[in-house]
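Each chain, letter by letter, is given below.
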Amino acid sequence: NKFKSLHYVDYRNVAINKNADPIFKSYEILCNAQTYRDFEFLKLTRKTKDGVTGIGIVNESQQILSVAYNSLLYENVLVKTGGNKKGFVKSVKKLSQEALEKLKEAWNKLYANNTENVVILNDGLDFKEASNTSVEMQLNENKKTNATEICKLFNISPNILEGKATEDEYNNFIKIAILPILYAFQTALNKDLLL
C-alpha cells in the first residue's frame, strides 16, 4: 500500500471491462494489453452512473457546439470571399460555350479574392440572390448568443472572459465552476489513495 508513482494515461489507451450486475458493479481497466484493478487508476468522471464512465460536455452538448463551429466556418468563408452573396445567373437565351466559360472565370475571380469586385452581366443576364447577407442573418448577435450559451455549459459568466466581472460573479465562478471539480478530484484521491 505504498505508492511508488503516478502517471497520466490518455483515455484512448484505456478500455473498461464491466460486469453485468446492476447492484454489485465491478470492472477492470485494460491498458496496453494489461489488466488493472479499479483502485490502480484515479478516476475523475462527470455525470457517472457506474463510477468509471461518464458523460462529457462535448457529447452532452453537441448541438450548441456544432452551431458555434458551423458559424465560425461560415464566417471564414465570408472573409475569404469578401462577404459576396451566393446566387445564380439567369439568362433569357442560351449562352455559347465561350460566353459560359468567360462568365464562370469572372465569377471565380470575384469569389476567389477581393481584387476583382465586379462581374459584368450583359446580353440578358440577370443575377438572383440565393443567400442572405451576414447582416440579414444577424451573425454578430448569433456569435454573442452562442458564446453566452457555451459559457453556461462551463458555469462561467461571460463577464469573466470579457474582464468585466464583479467580485460576486468571480466568487460564484469559483464556487460553481472550480470547486466542484476540485472536490471531485479530492474524492477520487481519497477513494483510491487512502486505506
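As a reminder, the structure under discussion sits directly above these lines.
First, a word on what this report is: a plain description of the structure on this page. Since this is a predicted model, take the numbers as computed values, not measurements. (Residues numbered from 1 in each chain as written. Predicted model: local features only at pLDDT ≥ 70, side-chain atom pairs only at ≥ 80, totals over all residues. Heavy atoms only, no water.)

Things to note about unusual backbone geometry
If you check the backbone angles, Ala-33 has positive phi at about 60° while not being a glycine. The phi angle at Lys-47 is positive, at roughly 50°, despite the residue not being glycine.

Quick look at the nonpolar core
Judged by nonpolar contacts, Tyr-27, Ile-29, Cys-31, Phe-41 and Val-52 together constitute the single largest core of 5 residues. The contacts of Val-52, once residues within four sequence positions are left out, are Ile-16, Lys-18, Tyr-27, Lys-43 and Thr-45. (Core = buried A, V, L, I, M, F, W, Y, C linked by side-chain atoms within 4.5 Å. Buried < 20%, exposed > 50% of the residue type's maximum accessible area, 1.4 Å probe, protein only. Contact = heavy atoms within 4.5 Å.)

Structural notes on the pattern of salt bridges
Under the counting rule described, the total for this entry stands at 9 salt bridges. Asp-10 is the salt-bridge partner of Arg-12, the closest N and O atoms lying 3.0 Å from each other. Overall, the relative accessible area of 62% leaves Arg-12 in the exposed class. One salt bridge in this structure joins Glu-60 and Lys-47, with 2.6 Å as the shortest N-O distance. Of the two residues, Glu-60 is situated in helix α1 (residues 57-60) and Lys-47 in the loop between β3 (34-36) and α1; the sequence distance between them amounts to 13 residues. Linked through salt bridges whose partners overlap, the residues forming this network are Lys-43, Lys-191 and Asp-192. (Salt bridge = Lys/Arg side-chain N within 4 Å of Asp/Glu carboxyl O. Helix = DSSP H or I, 4+ residues; strand = E, 2+ residues; numbered from the N terminus.)

Some thoughts on the sheet that holds strand β2 (residues 27-31)
The antiparallel open sheet is built from 3 strands, whose spatial order is β1-β2-β3. Edge positions in the open sheet fall to β1 (14-18) and β3, since each of these has one partner strand only. When strand polarity is set aside, the average angle formed by the axes of neighbouring strands in this sheet is 30°. (Pairing = 2+ DSSP bridges. Axes fitted to C-alpha atoms, helices over the stretch in contact; angles between N-to-C directions.)

Topic: a nonpolar patch on the surface
Residues Phe-3, Leu-6, Leu-42, Leu-44, Ile-181, Phe-185 and Leu-193 make up a contiguous nonpolar surface patch of about 680 Å² in total accessible area. Tracing the sequence through the fold places Leu-193 in helix α6 (residues 167-193). On the accessibility criterion, Leu-193 (34% relative accessible area) is partly exposed. (Patch = residues over 30% accessible without salt bridge, like charges linked within 9 Å, V, L, I, M, F, W, Y side chains within 5 Å. Areas by Shrake-Rupley, 256 points an atom, 1.4 Å probe, with all protein chains shown as cover.)

Some points on the pairing of β2
Every second residue of β2 is oriented toward a common face, the buried set being Tyr-27, Ile-29 and Cys-31 and the non-buried set Glu-28 and Leu-30. Note that β1 and β2 share 5 bridges and pair antiparallel. Paired with Val-14 across the strands is Cys-31, a residue of β2. Taken together, the 3 bridges between β2 and β3 define a ladder with antiparallel strand orientation. For Leu-30, the partnering residue across the bridge sits in β3 and is Thr-35. Connecting the antiparallel pair β2 and β3 is a turn made up of 2 residues, with Asn-32 showing a positive phi of about 55°.

Brief notes about α6
The end-to-end C-alpha distance of α6 is 36 Å, a good match for the 39 Å that 27 residues give at a rise of 1.5 Å each. Largest kink in α6: about 40°, centred on Ile-178, with the proline Pro-180 one to four residues after it. Listed as buried for α6 are Phe-173, Ala-177, Ala-188 and Asp-192. Of the surrounding elements, those touching the buried residues of α6 are α5 (158-162). (Expected span 1.5 Å × (residues − 1). Bend = angle between axes of the 7 residues up to and from the residue.)

Description of helix α4 (residues 139-153)
With 15 residues, α4 should cover 21 Å at 1.5 Å per step; its first-to-last C-alpha distance of 21 Å lies within 8% of that length. Just downstream of α4, Asn-155 is the residue with a positive phi angle, here 55°.

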